[in-house]
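In case you want the letters, here they are:
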Amino acid sequence: MRVPNTLTPSLRGLLRSPGFTVAVVASLAIGIGANVALFSVYESIVLRRLPYPDAERLVVVWTDLSKRGIENYPSSPADLEDYRRVEAFAGVAGATTFATTLIGDGGPERVEAAAVTWNLFDVLGIGTVHGRGFEPRDGAFSQGEGEQPETSVLLSHALWQRRYGGDPDVVDRLIDLSGQSARVVGVLPPGVQLLANPRAGIAPRTELFTAGRFDPGFRGNFFLYTIARLRPGVSLRAAQAEIDALGEWRREQFGNYAAAGSTLRLVPMHDDLSASSRAGLAALFGAVAFVLLIASLNVSNLLMVRNSSRRHELSLRAALGAGSRRLLGQLLGESLLLAALGGAAGLAIATAALETLRRAGPLDLPRLREVSINPIVLAFALGLCLVATVLFGVVPAWRGARVDPMGVLRAGARGGPTRGEGRWRHAVVIAEVALSMVLLIGAGLMVRSLWELQRSELGFDPRRVVTFETPIPFGEYDTPEKRSALIRQLETGFDAIPGVLATGAAASLPLAGRSAQSPFGSVADLADGDESDLRQANVRIVRPGYFAALDTRLLAGRDLDHVDEQRAIERLEELWEGDPPAEAGPPVAVGEVIVDRDLAEQAWPDENPIGQLLYVKVRVPGIWVRVAGVVETQAQASLIGDRPSIYFHDGFLGVMATPRWALRTELDPGVLAAVARDVLAEIDPDIPLADLAPMTELIDGALAPHRFSLRLMGAFAIVALILATVGLYGVLSHVVRTRLRELGIRMAFGASASAIARSITARGLLLAAVGVALGLAGALLFTRFLASQLVNVSATDPGTFASIAALELLVAAAASLVPARRAARLDLVSLLAEE
């Protein structure tokens, strides 16, 4: 391809200085590549449209419980029936996710599944590629003891291809889901997924969808993620006004809604999806923009130095008739070529970085696996190249083109930088130091935050604990008694494994997923019959031995045991299917529970909690239970600001079908897995052992979002510090080179080598000190945007600010040392001989 004539001199100029060209391109590639990579993530998560038709009309319905300090609360099946009366909605659908086991067709396989209302894919606007979608009859609720209708299932395209080989005849086939038969009615198109904000508790990669048969009159359990589609022409404001009226009606009709301060809020689905990650990504985007700015300033300095050394050449060309415009065009052309080369190299860096980001990013970051270099990202990269050209190229080109041919030629080739050029270089170094300070302080605050998180009291010891699941075929073990007997067998089998120190199980383990929640209160809280004083707690379902396996301290009272399990099973029908008492009377406990330290201190701050009655709304109208014991508070849903917890015995809620096991053991996880599978094979070979992992991985998963942000911010800060250090070193080195004659004269008049070295070092430290001062001021503004990402650390933490300032000055001193020593070692005789 022929290079345009206007760029030919620029290209020749760059080829004559390969070292300079490589240095500039490398600096720009780092800045542009980092920006392109992060913009790709931002575009995928925040800017990209949802993959649904008319997605701008999709909204998420959230409930806020203002009197309990809760936002983004899910809906009950009865709530969905309320929403369907809202005229602004063309359709309302709900979903909840769970894990299930596919049995047969190649062995058991654990998959993420969702129970959805029959119209979910109609609301999303998605059809099928084979078979049909769900119909009203698939989700019709039925009561009674008779034979239940079969479950209808839709397969994701990926599951259909992987497990069934893309066979279209799978439609209308019966498959086995955890021991219960289900009929496949259709296959979804490629790439279809149920997108949701991580706080919704929806599994990120659901592969199988069942038509849920939810009781439309059931208002006692809130578990549905709710999506609505607005009618054409209806604004979000109009829909919000209508649903506000519905919320007011519910508070008037139902005392529990009024007591909790229940209000309804509509959020565009696109905004809701990225809500939890938008602030963190914006802060990282600001950081990476600083990296590009520092790189551009560094390149600008290099260009200024190069143009200064070329002043004789440029003046000679001007004297031969090249006008200022032509010289300016050549210098800007060089800048444009450098930006283009830097952009191309930056794209290569960004492509490699994206693969790392996809692997290392937290699992709950929505749509991270979709990140790619697409046309929008390419357009952004092109724009960055143009912006970089302006940032680093205009001032050096403008000053380089303004030459005085006669003055320069009379002075010869020995001329140093002009006063304006010197001021510009100093300003650039100060700006680089200031920007790198801001990034280093941001990274320092995040390091402190991660350190605080890692030091958090977990309430359990995850070391030497191995976790796994044993999904129980519900069809075969269809009663609480059968499931209880099976789990007792498993407990005995796992306990007998040599090297296993303790065995426990729960419906879910700490930091392994969203917790069920329930309002709670003491007798005093309900003395006047008003539920407004109720608070919210996590509800945990555990087996005997759970606290011993996790090494959670029992602070008072006793642990739950198998006697509690048997009593709970015997009273299940009475507890969950019986009618509430016709007349209110004294509270009567229907079972015993364990509470954690936080709940005990909230409910009975000055009393012994053992034996106290506790009101819990795990069902409507609520039940009373008695506190049997108090344990140390465990971190459950989060490492940050969790709610207190109430622990029910497994038998209390019907005996879980998917126990999550925690075995404290001296065995290697791989060895334990093999032995545990042998135990399962002896008891029931159809039960798989799934998701085996050390419990420390759960902690790593909880820390993953913070580590992700920290690694990126830290990488940007280190690059910024290196660029700023190189810039300061380059300026001081150039000062020494251009002031050799002056330094020689000073030495001839008696200036010592140490005095010369001190003057160079002092100049470097002065520039760094001004940059540090400006950086501290800038960090006070920038770190406010990091406040939501910090834990137990102030955004203006004095220790972090002071230590980073000291580090920056120390690095500046080191960068000044080499030029200073070079100046101190000047050979005065040789220097004067050259003169």
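Cut-offs used in this document
- Residues numbered from 1 in each chain as written.
- Predicted model: local features only at pLDDT ≥ 70, side-chain atom pairs only at ≥ 80, totals over all residues.
- Heavy atoms only, no water.
- Helix = DSSP H or I, 4+ residues; strand = E, 2+ residues; numbered from the N terminus.
- Buried < 20%, exposed > 50% of the residue type's maximum accessible area, 1.4 Å probe, protein only.
- Contact = heavy atoms within 4.5 Å.
- Areas by Shrake-Rupley, 256 points an atom, 1.4 Å probe, with all protein chains shown as cover.
- Patch = residues over 30% accessible without salt bridge, like charges linked within 9 Å, V, L, I, M, F, W, Y side chains within 5 Å.
- Salt bridge = Lys/Arg side-chain N within 4 Å of Asp/Glu carboxyl O.
- Axes fitted to C-alpha atoms, helices over the stretch in contact; angles between N-to-C directions.
- Parallel < 35°, antiparallel > 145°, perpendicular 65-115°, else oblique.
- Left-handed = near helix turned anticlockwise from the far one by under 90°.
- Polar contact = N/O pair within 3.5 Å; in protein donor to acceptor, adjacent residues only side chain to side chain.
- Core = buried A, V, L, I, M, F, W, Y, C linked by side-chain atoms within 4.5 Å.
- Phe/Tyr/Trp six-rings, centres within 6.5 Å; stacked < 30°, edge-to-face > 60°.
- Nonpolar A, V, L, I, M, F, W, Y, C, P; charged D, E, K, R; others polar.
- Expected span 1.5 Å × (residues − 1).
- Arc of directions from axis to C-beta.
- Lys, Arg positive; Asp, Glu negative; His and termini not counted.
- pLDDT = per-residue confidence, 0-100.
- Pairing = 2+ DSSP bridges.

## Some thoughts on the overall build of the chain
- When you go through the chain residue by residue, the secondary structure sums to 24 helices and 22 strands.
- Considering the chain as a whole, with its 835 residues, one finds that 51% of them fall into the buried category.
- If you take every contact in the chain between residues at least 6 apart in sequence, the share linking residues at least 24 apart comes to 83%.
- Accessible surface computed for the chain: about 36,100 Å², of which carbon and sulfur atoms make up 58%.

## Description of a nonpolar patch on the surface
- Side chains of Leu336, Leu382 and Leu386 sit close together on the surface and give an oily, nonpolar patch of about 280 Å² of accessible area.
- Mapped onto the secondary structure, leucine 336 falls in helix 10 (residues 324–360).

## Some thoughts on the packing of helix 14 (residues 480–495) against helix 16 (residues 562–570)
- Taken N-terminus to C-terminus, the directions of helix 14 and helix 16 make an angle of 165°; their axes are 11 Å apart at the nearest point. Relative to helix 16, the element helix 14 lies roughly antiparallel. In the crossing of helix 14 with helix 16, the sense of the turn from one axis to the other is right-handed. Residue-level contacts link Pro480, Glu481, Ser484, Arg488 and Glu491 of helix 14 to His562, Glu565 and Ile569 of helix 16.

## A look at the side chain of aspartate 525
- By the element assignment, aspartate 525 lies in the loop between strand 14 (516–522) and strand 15 (535–542).
- Within the local environment of aspartate 525, its side chain forms a polar contact with the backbone nitrogen of serine 522, the two atoms lying 2.9 Å apart.
- Ignoring sequence-local partners within four residues, the contact set of aspartate 525 consists of Asp530, Asp533 and Arg535.

## Observations concerning the pattern of salt bridges
- Across all of its chains, the model carries 30 salt bridges by this definition.
- Ionic pairing is found between glutamate 43 and arginine 48, a salt bridge with its closest N-O pair at 2.8 Å. Taken as a pair, glutamate 43 and arginine 48 share a single burial class, namely buried.
- Note that glutamate 109 and arginine 162 form a salt bridge whose closest N and O atoms lie 2.7 Å from each other. In this pair, glutamate 109 sits in strand 4 (residues 109–116) while arginine 162 sits in helix 5 (residues 157–164), placing the two residues 53 residues apart along the sequence.
- Salt bridges sharing common partners tie together Asp79, Asp82, Arg85, Arg219 and Arg250.

## Considering the nonpolar core
- Val41, Tyr546, Met713 and Phe716 are the most contacted members of the largest nonpolar core, which has 101 residues in total.
- The element that contributes the greatest number of residues to this core is helix 13 (residues 419–454), accounting for 15 residues.
- Apart from residues no more than four positions distant in its own chain, methionine 713 is found in contact with Ala283, Leu284, Ala287, Leu439, Gly442, Ala443, Met446, Phe782 and Leu786.
- Of all hydrophobic cores here, the second largest spans 43 residues; its members include Ala505, Leu599, Val625 and Leu663.

## A closer look at the packing of aromatic side chains
- A full pass over the atoms with the stated rule returns 14 aromatic pairs.
- Their ring planes at 45° and their centres at 5.7 Å tell us that tyrosine 73 and phenylalanine 222 sit as a pair that is tilted. Taken as a pair, tyrosine 73 in strand 2 (residues 70–73) and phenylalanine 222 in the loop between strand 9 (208–211) and strand 10 (225–230) lie far apart in primary sequence, 149 residues in all.
- When its relative accessible area of 9% is taken as the criterion, tyrosine 73 is described as buried.

## Brief notes about the packing of helix 14 against helix 19 (residues 669–683)
- Remark: helix 14 packs on helix 19, axes separated minimally by 10 Å, with the N-to-C direction vectors making an angle of 140°. The chirality of how helix 14 crosses helix 19 is right-handed. Residues Leu486, Gln489, Leu490, Gly493 and Phe494 of helix 14 pack against Ala676, Val679, Leu680 and Ile683 of helix 19.
- Considered class by class, the residues forming the contact of helix 14 with helix 19 number seven nonpolar, two polar and no charged.

## Looking at helix 19
- Under the 1.5 Å per step criterion, the end-to-end length of helix 19 is 21 Å for 15 residues, consistent within 8% with the ideal 21 Å.
- Along helix 19, the residues classified as buried are Leu672, Ala673, Ala676, Val679 and Leu680. Buried positions in helix 19, seen along its axis, are confined to an arc of 125° and lie on one side of it.
- In this fold, the buried residues of helix 19 make contact with strand 12 (465–469), helix 14, strand 13 (500–506), strand 21 (660–665) and strand 22 (690–694).

## Things to note about the side chain of arginine 229
- For arginine 229, the position within the fold is in strand 10.
- Of the side chains with opposite charge, aspartate 54 lies nearest to the buried arginine 229, which makes no salt bridge, at 4.6 Å.
- In this structure the side chain of arginine 229 is engaged in a polar contact, spanning 2.6 Å, whose partner is the backbone oxygen of valine 123.
- For arginine 229, the residues in contact, after removing those within four places along its chain, are Pro53, Asp54, Arg57, Leu58, Ala88, Phe89, Ala90, Gly91, Val123, Leu124 and Gly125.

## Side note on the environment of leucine 599
- Locating leucine 599 in the fold gives a position in helix 18 (residues 597–603).
- Sequence spacing of leucine 599 and isoleucine 646 is 47 residues, and the spatial spacing of their C-alpha atoms is 7.9 Å.
- If near-sequence neighbours (up to four positions away) are discounted, leucine 599 is found in contact with Phe520, Ala537, Trp604, Leu614, Pro644, Ser645 and Ile646.

## Quick look at unusual backbone geometry
- If you check the backbone angles, aspartate 172 has positive phi at about 80° while not being a glycine.
- Mapped onto the fold, aspartate 172 is located in the loop between helix 5 and strand 7 (174–177).
- Unlike most non-glycine residues, arginine 464 shows phi in positive territory, near 60°.
- Relative to the helices and strands, arginine 464 resides in the loop between helix 13 and strand 12.

## Observations regarding helix 16
- Buried within helix 16 are the following residues: Asp564, Glu565, Ala568 and Ile569. With its buried residues spanning 130° around the axis, helix 16 presents them on a single face.

## As for the environment of alanine 344
- Along the polypeptide, alanine 344 turns up in helix 10.
- For alanine 344, a relative accessible area of 49% translates into the label partly exposed.

## Things to note about the environment of alanine 806
- In this fold, alanine 806 is placed in helix 23 (residues 798–824).
- The exposure class of alanine 806 is partly exposed, given its relative accessible area of 45%.
- As a C-alpha pair, alanine 806 and valine 772 span 34 residues in sequence and 9.1 Å in three-dimensional space.

## Here we look at the confidence of the model for the chain
- Residues of the chain with pLDDT of at least 70 account for 82%, and the chain-wide mean is 81.
- Of the regions scoring below 50 in pLDDT, residues 578–583 engages in four contacts with residues more than four places distant in sequence or in other chains.

## Quick word on the pairing of strand 1 (residues 58–65)
- In terms of residue burial, strand 1 counts as a mostly covered element, since eight of its eight residues are buried.
- Pairing between strand 1 and strand 10: three bridges, direction antiparallel. Following the sheet pairing, valine 60 is matched in strand 10 by isoleucine 227.
- Two strands pair when backbone bridges link them, and strand 1 and strand 11 (residues 262–268) are joined in this way by seven bridges, in the antiparallel orientation. What sits directly across from valine 59, in strand 11, is proline 268.
- Looking at chain direction, strand 1 and strand 2 are connected through two bridges and run antiparallel.

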